[in-house]
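Report on the structure
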Protein chains: 4
Amino acid sequence: MTARLPVALAGLGRMGRIHAANLARGSAVRLAAVHDADPEVARSVGEELDVPWVATFDDLIDAAPAVAISTPTGTHAELIVAAAEAGKHVFCEKPISLDRATAVAAVEAAEKAGVVLQVGFHRRFDPDWVVAAERIHAGELGEVTLFRTTLRDMNPPNPAFLAHSGGFFADVTVHDLDVARWLVGEVVEVTAHGAASDPAFAEIGDIDTAVVVLRFANGALGVIDNSRSARYGYECSTEVMGTLATARVDGAHRHNYEWRTPGWASRDLLSNFGERHRLAYIAELEAFAHSVGSGEPAKVDGRAALAAFDLAAAAERSYRTGLPVTVDGRNGLS
Amino acid sequence: MTARLPVALAGLGRMGRIHAANLARGSAVRLAAVHDADPEVARSVGEELDVPWVATFDDLIDAAPAVAISTPTGTHAELIVAAAEAGKHVFCEKPISLDRATAVAAVEAAEKAGVVLQVGFHRRFDPDWVVAAERIHAGELGEVTLFRTTLRDMNPPNPAFLAHSGGFFADVTVHDLDVARWLVGEVVEVTAHGAASDPAFAEIGDIDTAVVVLRFANGALGVIDNSRSARYGYECSTEVMGTLATARVDGAHRHNYEWRTPGWASRDLLSNFGERHRLAYIAELEAFAHSVGSGEPAKVDGRAALAAFDLAAAAERSYRTGLPVTVDGRNGLS
Amino acid sequence: MTARLPVALAGLGRMGRIHAANLARGSAVRLAAVHDADPEVARSVGEELDVPWVATFDDLIDAAPAVAISTPTGTHAELIVAAAEAGKHVFCEKPISLDRATAVAAVEAAEKAGVVLQVGFHRRFDPDWVVAAERIHAGELGEVTLFRTTLRDMNPPNPAFLAHSGGFFADVTVHDLDVARWLVGEVVEVTAHGAASDPAFAEIGDIDTAVVVLRFANGALGVIDNSRSARYGYECSTEVMGTLATARVDGAHRHNYEWRTPGWASRDLLSNFGERHRLAYIAELEAFAHSVGSGEPAKVDGRAALAAFDLAAAAERSYRTGLPVTVDGRNGLS
Amino acid sequence: MTARLPVALAGLGRMGRIHAANLARGSAVRLAAVHDADPEVARSVGEELDVPWVATFDDLIDAAPAVAISTPTGTHAELIVAAAEAGKHVFCEKPISLDRATAVAAVEAAEKAGVVLQVGFHRRFDPDWVVAAERIHAGELGEVTLFRTTLRDMNPPNPAFLAHSGGFFADVTVHDLDVARWLVGEVVEVTAHGAASDPAFAEIGDIDTAVVVLRFANGALGVIDNSRSARYGYECSTEVMGTLATARVDGAHRHNYEWRTPGWASRDLLSNFGERHRLAYIAELEAFAHSVGSGEPAKVDGRAALAAFDLAAAAERSYRTGLPVTVDGRNGLS
């Protein structure tokens, strides 16, 4: 048979359960074992998916040649290092760490160990974006002149999550920043603006709405708008305007149906990222297996993740200071 | 100055007022005088648009080199003949007459007088259909393989109108039958099905819903669906499928705006033909002036109108008998 | 763990491979074994999906409490009977048989054995249709007044397939006929029209285009248009118009992206049913497992399949005779 | 008859000819006379529309109780003052003047004379925006949380025009700034970014692309993106996100038709503002007549125009300095 890459999964929260199901039903991956800080959760998921559940991360590392990490952010870097030092390939949810030095150390550990480290920027694997990206990268739209992207959640996450999210730019905007680098190239300046449309955010010194302006190395402008409180639904869309063509990726609807009543035609809207990017979460794990199997680098490796987080940090600085922040072109480790 | 064709207008009901406004503000036409069976109506419209109002159709004929007729159906043929015999060009709302012999006589009178006779099949002048028609007629979609068209009113007309409408097929379906001939070509067989979704129609022996199947001379199939009771809004759409391409004309929305509330995105729908075909009603009069000025035949002349009504009559026969009705290829006068 | 229903699969052609993958990665089903008339195909799929492959259908029946059948049509009924007599639940691709008596015997065998028999009318499980169906069945659109549905393939299947397809109506239209019964109710009259837009079909006495008009028991009209040669892409759409609301299901696009070049915005179209109904093929197997587990009847059981095929046969008769065909309201076995 | 307001028109360039046709065919306005710096142009248009053409602006003022000004920008203020002092109502294309003091003087002259002064921000009269604005102003979307608007031209204007355009922000962005004030309210901070995607703009020290971030008095963020070089077509769209609902105005297509070829569905795009806002250019003149007739203030009066230009000037300053520019809440004259 075509070997399915066994992957052991740590962290069985909302995102972890999505990964668990996708690993269990993968065509290039399979779920080898699960682990969670809460042993009852691990047992429950293990039983449901018919795989072993283990009590420690060390046991998990022993269970397969690759691990997937969707534990709380604060533990990511440590687990990456432990897995890498054991020679295991790593798929890790973003961010690697909210502390840059810690993140750099984790990336370096993976590079030193020669293992694949892929970070969970799922949009790079979403078929709607991939099909546009291929044409953009093939030069079909000419020189990029304007980039625009939107990421909006229907409703804010719960406060407990927010407290450890790393802030709006590192948690939300970072996805659009990675897409900016993927589709257009390096960013040299970031200017960020934020607001709290929901007073609950103002009270904790946080924001729920942001507009971030980018200047790319080629001189093009980019603009990101983000919200945690869009109310009408979840939305993710991207436009890349070029001298020859313009690509737009959208897709706000949950179903392909319309309900008409006198004077109005209505379509239902997506409510969350899981609905919108279902195929992307499957594809990113398949791609991870492909990198492990082929030796090709991960499409979103540790350095790409660092580069996106450097831009998020620049956005945070810009927002705090009210000034544009210059970013050196050499995003990543150095 | 570029001469605007003076047009004298008879009949100031709903459709007549639309024509009055379009004639008054035309670029190739101008409103020369108005007449209505109700002198008060004529006076009121005349004053509003600053044109003479006249007491008789004979006076109206004297007022301009061309007349537009939107009086009740029963008077159309007689007025066409009178105008034609006076050497005046005629634009007339459909149908020419519910009696075929009378309609033929009117068409022959216009032909004998050498005047332009254009019948109000407005969709032939709607920019959305025209742009598709041009590509279809240029052969860009290859051989036609399937034709589909829809005409639906939001709500039924009032009973007084229905009593003199000529029946569902002659009043509603005839528009789609004309479009079928325009976009695809001659029809050789008609099979019609009808139903009364609103019991009020059943009570008067009429229908408010129909499906009509066409077979074209080239062997292609066509299908028309019509309703007087669509409830959600007015809709008119057409599809022509070909071996090289497929053209679709649609346009259900009243405005280009969307209103999003939690979980739903809604757009407003059109409520009547006036909203949908506003540009077509202007363009058909401009085209009439062009025919008069250039000597080119009208795009929908009397023979084309007869051909469409022959198909409507065939649909009526098919509906009454439950059987397909063969139509001879020589639609029109003969 | 939550028990996944083991399903043994016979027939590994195009549709069979789709089922194999969906069974292997199911959450309520799992692939227990595979069989194909060509042992090499069975071995290859078995190895790829890491399941046993068996040499005979008898061995397959022994391998699991349920079987899925996607063998050539001519073998369906026989395999259903064999499985049913062995007490196994059966999921079978449509049609049960091109011979009505044979189909009836197979349905009766399953009923007698008390096993679940589900037939592969996938659209009943497609989320886009399901969401509309729920609202229709809840009465949200009032009384149905007009039904319209479209099924079009981009390109015709190969001639070898056509020879055993049972004809256009039984192979293509039957899907729309089942949807008609599901969404609106019983059909009492069928009138069918066909044409061969591609001369290759005319040569073998077959058609590639059809328009079928339905009259429902409640008096509403329905219309189906089908093509094997739409050329632009695969399309499946359905509209149900009611007195309170109108539901439309569509979804022609392969991706949610638009490519803009000077003067034009373009979106890509679907090319086949596998792309369009991917989720439906997964959901129908999950629903099958649910019926087996819960004892609830299958959503598309043998009688429903017979009823749809009776309508397809009526369409075929109508097409051959050129006349409407009355269908008795008691569709199904009796 | 209902009195149509006679309007005398000065300036018969591209925009002037649009106004000439709309005045000539208006229902609340009529074209009383025309004037242009080039007497041949004035004569030609006068003959075509059957109205007097006059040699001087003084003669034009005498010709009607209201004047419309679409002369080159540099002459606007002087003509406004002359007309106002003669007691004539004024419709004037934007901008009033590129020099603020001159613009203020013109606005004050009109106010002192007690005449209506309306400035040509046409989008305020576009039905697509008006329908959304009504619901926004009625409070249906709750508190505004994010505003986004786009204005893009397909191709840059000719260099001769650019030299006197007042710069990108005063010529292009000002339209979106006026819409921001109209739909959301006062702006307190502007941050602008610009780029020259076409090297021809860089050579003359100008830009063809901009992103402008707004902060409104209520704390909400806004973002504008503009381009003179969108290449694919003309586009104008606006989104207002609120706590209860989100409104989107769009409308990129020239016709309501789709052309399908194997694998692709294409729709045509608009090429310029004249196509997109045809109805708005008619409605703004009708609204002007309404203000003159009713004594109600113009919907976009001189102070509103000044406020929008103050924001454009702030954007220009922000772009030049690379810093946010604070705007006092008291936009307009003071």
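The structure this text deals with has already been given above.
Owing to the predicted nature of the structure, the values given are computational and were not obtained by experimental measurement. (Residues numbered from 1 in each chain as written. Chains lettered and ligands numbered in written order. Predicted model: local features only at pLDDT ≥ 70, side-chain atom pairs only at ≥ 80, totals over all residues. Heavy atoms only, no water.)

Residues and elements named next belong to chain C. Read across the open sheet, the five strands follow the order β2-β1-β3-β4-β5; overall the sheet is parallel. Among the strands making up the open sheet, the edge pair consists of β2 (29–35) and β5 (117–119). Averaged over all pairs of adjacent strands, the angle between their axes in this sheet comes to 20°, without regard to strand direction. Judged from the four bridges that link them, strand β3 (residues 66–69) and strand β4 (residues 89–92) form a sheet pairing that is parallel. Looking at β4, one finds that Ala66 is bridged to His89. (Pairing = 2+ DSSP bridges. Helix = DSSP H or I, 4+ residues; strand = E, 2+ residues; numbered from the N terminus. Axes fitted to C-alpha atoms, helices over the stretch in contact; angles between N-to-C directions.)

Our focus in this paragraph is the interface of chain C and chain A. Taken together, the contacts link 35 residues of chain C with 35 residues of chain A. Each partner contributes to the roughly 3,000 Å² buried at the junction of chain C and chain A, and carbon and sulfur atoms together form 55% of this total. At the surface where chain C touches chain A, the tally comes to zero salt bridges. Between chain C and chain A we count 10 residue pairs in polar contact (both at pLDDT 80 or more) in total. Those elements that place two or more of their residues in the side of chain C that touches chain A are α2 (39–49), α6 (127–137), β11 (246–249), β12 (253–261) and α11 (278–294) of chain C. If one sorts the elements of the side of chain C that touches chain A by residue count, β12(C) sits on top with seven residues. Across the side of chain C that touches chain A, the residue classes break down as 14 nonpolar, eight polar and 13 charged. Bridging between strand β12 (residues 246–249) of chain A and β12(C) involves four bridges; their strand directions are antiparallel. Its bridge partner lying in β12(C), A:Val249 is registered against C:Tyr257. (Contact = heavy atoms within 4.5 Å. Buried area = accessible area lost by both parts, 1.4 Å probe. Salt bridge = Lys/Arg side-chain N within 4 Å of Asp/Glu carboxyl O. Polar contact = N/O pair within 3.5 Å; in protein donor to acceptor, adjacent residues only side chain to side chain. Nonpolar A, V, L, I, M, F, W, Y, C, P; charged D, E, K, R; others polar.)

Residue placement: D:Thr150 occurs in strand β6 (residues 144–152). Look at D:Thr150 and you get buried, because its relative accessible area is 2%. A distance of 2.7 Å separates the side chain of D:Thr150 from the side chain of A:Arg148, its partner in a polar contact. With residues up to four places along the chain from it excluded, the contact list for D:Thr150 reads A:Arg148, D:Asp176, D:Asp225, D:Asn226, D:Glu235, D:Cys236 and D:Ser237. (Buried < 20%, exposed > 50% of the residue type's maximum accessible area, 1.4 Å probe, protein only.)

Residues and elements named next belong to chain D. Counting 83 residues, the largest nonpolar core has Ile96, Phe169, Leu183, Val190 and Leu214 as the members making the most contacts within it. By residue number, the principal contributor to this core is helix α8 (residues 168–183), which donates 10 residues. Residue assignment places this core across two domains, with domain 1 (5–115) and domain 2 (140–273 + 307–333) each supplying three or more. If near-sequence neighbours (up to four positions away) are discounted, Leu214 is found in contact with Leu177, Ala180, Val187, Glu189, Val190, Ala220, Leu221, Gly222 and Ile224. (Core = buried A, V, L, I, M, F, W, Y, C linked by side-chain atoms within 4.5 Å. Domains from an automatic or database assignment.)

A few words now on the interface of chain D and chain C. Contacts between the two partners involve 17 residues from chain D, matched on the other side by 17 residues from chain C. A salt bridge links C:Glu235 to D:Arg260; its shortest N-O distance comes to 3.3 Å. Remark: the boundary between chain D and chain C carries nine residue pairs in polar contact (both at pLDDT 80 or more). Broken down by secondary-structure element, the contributors of at least two residues to the side of chain D that touches chain C are β12 (253–261) and β13 (264–269) of chain D. With six residues, the single largest contributor to the side of chain D that touches chain C is β13(D).

Let's shift gears to the packing of aromatic side chains. A full pass over the atoms with the stated rule returns 28 aromatic pairs over all chains. Each ring, one from A:Trp264 and one from B:Tyr257, has its centre 6.4 Å from the other, and the planes form 65°; the classification is edge-to-face. With A:Trp264 in strand β14 (residues 264–269) and B:Tyr257 in strand β12 (residues 257–261), this pair bridges two chains. Exposure remark for A:Trp264: the relative accessible area of 28% places this residue in the partly exposed category. Judged by its relative accessible area of 2%, B:Tyr257 is buried. Above the plane of the ring of C:Trp259 lies A:Arg135, whose end atom (NZ or CZ) is 4.0 Å from the centre. (Phe/Tyr/Trp six-rings, centres within 6.5 Å; stacked < 30°, edge-to-face > 60°. Lys NZ or Arg CZ within 6 Å of the ring centre and 35° of its normal.)

Right, let's talk about the sheet that holds strand β4 (residues 66–69) of chain A for a bit. All names here are of chain A. Read from one edge of the open sheet, six strands run β3-β2-β1-β4-β5-β6, paired in parallel fashion. Because the sheet does not close on itself, it has two edges, and the strands there are β3 (53–54) and β6 (117–119). Examined bridge by bridge, strand β1 (residues 5–10) and strand β2 (residues 29–35) share six bridges and lie parallel to one another. For Val7, the partnering residue across the bridge sits in β2 and is Leu31. Packed onto the sheet, helix α4 (residues 76–85) meets β4, β5 (89–92) and β6 and runs at close to 165° relative to β5.

Let's shift gears to the relation of the copies chain D and chain C. Mapping chain D onto chain C calls for a rotation angle of 180° and an axial translation of 0.0 Å; the resulting RMSD is 0.0 Å. Considering both components of the superposition, the chain copies are consistent with a two-fold axis. Closest approach to the rotation axis among the C-alpha atoms of chain D is made by D:Ser266, whose C-alpha sits 2.1 Å away. A shared binding surface is used by both copies, with 100% of the interface residues of chain D retained as interface residues in chain C. (Least-squares fit on C-alpha atoms with pLDDT ≥ 70 in both.)

That's the geometry; what it means functionally is another story.
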